[in-house]
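# Descriptive analysis of the structure
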Amino acid sequence: MFTIDRSENWEEYSQTHVLLAGKKSTGNPAESRNTESDSDSLGTTKSCISNTLRSHASFIERLESFSALTWFGKPLDLSPLVCARYGWENVDTDMLRCVGCKTFLSGQLPNKSDYLAFQESYNRLKKSLISAHDKFCIVAANPCPEHFCHVPVEDPTLLMVGFTERVKALMVVQDKLPCIALSKLQSLGYDEGQAGAYCKRNLLPDYDSTAQVVTLAFAGWTCCLSKKDVLQCCMCLRQIGIWNYLPMSHCSYSSEHVTEHEDQEGEPTVKKRKIAKAFDPIEEHNHWCPWIQPSSLPVLAMATNESGQTNPHSYLAWIAAIKVIAPGLMDKNAGLACSMKTSPMVEGLRCFRKVIKSWSSKKSGHQPFLQSTEQL
C-alpha cells in the first residue's frame, strides 16, 4: 500500500555522511585539524538547513502544495498540517515527498467500507510520516513546532497581533466583502453588531473597520495578498472568491429573494427567485482547519464559578480565541444587543407592526389609523 523511494539527489549527501563518519585520524595534527574543520563546517550547514526547513515560511510552502484534488479523504491525523510539519509536501495524487531527504511516500488508503484494512493502513501511514524518512534526514529528527498546527489560544499577544493584521488586510476590500450568514454564529452566542462595537471601543479604536471585517477576522479570514478579491484562511490557506457570494448590498435579503405579485383574482402571491448565497465564515474552512477544531481555554481565560473554582471548557478554536482577546463578547445574554432581542417592549413593537400591516393590506382595505384604533 505504501511506496518508499530514495532519489538520486540524496545519494551524494548520504555518502558524504558515511565517509565522514568512517574517516579515522592518522595521528597527523594537520589532518586532525582538517577533519575537525570539515565536521564543524558540515555541522553548521546541517544546522542552517534544519532551521530553514523548520521555519514557518518553509512550513507554509509545503502546506500550499496540498490540494483538495490530490490529498483528500484523510483523517485529521493525516491532514496537510501534520504532513507539512514533518517535512512532507504533496507532489501528486496521494503522493508525498520529503523536502529534506527526497523520499517518496504513498498516502493511498483503502475504502472505508473495509474497516479493518482501512484502520491498518491508516495506522501504518501515521507512523510512516516519521519513520519513512532516510536515517540521515535532517527533518525527521527536527519537525516543525507543533504550534504551527494550532490556533495560539494560550498566547493573547500573538492572537491580538494576528487579529490586527487580518483586520488591516480586510479593510482594503471592506466595500467588496460578501454578505455574511449569521444564523450559525448567532446560535453560538456571537452578535456581529456587538462585536464591531467592542472592537472599536476596546481592541482597535484607531481603525475604522466595519462589523463584517471584524467578524471575518475573528473567524480566521484575511485578504489574499496576491488577489484582492479573494479571501484566505490564515491557517488552512483555503481561498474563496468574493464574487461567488451575495454582495453586501443584498444583505437585507435572504438566500432566496422574495417578491410579491398579484394573481388574476387580485390576491398577493409569492414568487421566489434564487440568487447567490451568503458567506458562512465557519463552514467555508477546510474540515481539518484548526479554527474549527475543539480547543481548551488557558487557565487565565477560564470561567470561575461561585465557589471560586475554574470551569475548563472545550470550544471551537475561533470561539476560544475571542474569549481570550475579547472577554465577555461571547457570553450569552451579555450586552445591549442580546437583551434587546428578548425585550418585551421590542416584542410589543413587532406585534404592533403586524397589526398595522394587516390594516394596510388590500384584503382588509385601507382604514384610517384613528378609526381603526377606536374599533380596537
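Residues numbered from 1 in each chain as written. Predicted model: local features only at pLDDT ≥ 70, side-chain atom pairs only at ≥ 80, totals over all residues. Heavy atoms only, no water.

- An unreviewed UniProt entry annotates the protein chain as Zinc finger C3HC-type protein 1-like isoform X2 of Biomphalaria glabrata.
- The UniProt entry for the protein chain carries the following text under Subcellular location (unreviewed entry): "Nucleus". (UniProt positions renumbered as here; feature names shortened; annotations may be inferred.)

## Let's talk about the overall build of the protein chain
- Within the protein chain one finds 13 helices and 13 strands.
- Residue burial in the protein chain is summarised as follows: out of 376 residues, 39% are buried.
- Taking contacts inside the protein chain between residues at least 6 apart in sequence as the whole, the part at least 24 apart equals 62%.
- Carbon together with sulfur atoms contributes 53% to the accessible area of the protein chain, which is approximately 22,200 Å² in total. (Helix = DSSP H or I, 4+ residues; strand = E, 2+ residues; numbered from the N terminus. Buried < 20%, exposed > 50% of the residue type's maximum accessible area, 1.4 Å probe, protein only. Contact = heavy atoms within 4.5 Å. Areas by Shrake-Rupley, 256 points an atom, 1.4 Å probe, with all protein chains shown as cover.)

## What to know about the pattern of salt bridges
- The tally for this structure, following the rule as stated, stands at six salt bridges.
- Note that aspartate 77 is salt-bridged to lysine 126, the shortest N-O span being 3.5 Å. Of this pair, aspartate 77 sits in the loop between helix H3 (56-64) and helix H4 (80-85) while lysine 126 sits in helix H5 (residues 115-131), placing them 49 residues apart in sequence.
- On the accessibility criterion, aspartate 77 (37% relative accessible area) is partly exposed. (Salt bridge = Lys/Arg side-chain N within 4 Å of Asp/Glu carboxyl O.)

## Let's talk about the environment of glycine 241
- Counting through the fold element by element, glycine 241 comes out in strand E7 (residues 239-241).
- Measuring from C-alpha to C-alpha, the distance between glycine 241 and lysine 227 comes to 9.2 Å, with 14 residues separating the pair along the chain.
- Residues in contact with glycine 241, not counting those within four places in the same chain, are Asp229 and Val230.

## Considerations on the packing of aromatic side chains
- Inspection of every chain in the model, using the stated rule, returns eight aromatic pairs.
- On the basis of an interplanar angle of 50 degrees and a centroid distance of 5.3 Å, the ring pair of phenylalanine 59 and phenylalanine 148 is categorised as tilted. Placement of phenylalanine 59 in helix H3 and of phenylalanine 148 in the loop between H5 and helix H6 (156-171) is noted, with a sequence separation of 89 residues between them.
- With 5.9 Å between their ring centres and 80 degrees between their planes, phenylalanine 66 and tryptophan 71 make a pair best called edge-to-face. In this structure, phenylalanine 66 and tryptophan 71 share a single accessibility class: buried.
- Among the aromatic residues, those joined into a ring-pair cluster are Phe163, Tyr190, Phe218 and Trp318. (Phe/Tyr/Trp six-rings, centres within 6.5 Å; stacked < 30°, edge-to-face > 60°.)

## So, H6
- With 16 residues, H6 ought to run about 22 Å at 1.5 Å a step, and its terminal C-alpha atoms sit 22 Å apart, in line with that.
- Within H6, the full set of buried residues consists of Leu159, Met160, Gly162, Phe163, Thr164, Arg166, Val167, Ala169 and Leu170.
- Looking at the buried residues of H6, the elements they touch are helix H8 (192-203), helix H9 (211-218), strand E5 (221-223), strand E6 (230-233) and helix H10 (317-325).
- The backbone nitrogen of threonine 157 lies 3.2 Å from a side-chain oxygen of the residue at the head of H6, namely aspartate 155. (Expected span 1.5 Å × (residues − 1). Polar contact = N/O pair within 3.5 Å; in protein donor to acceptor, adjacent residues only side chain to side chain.)

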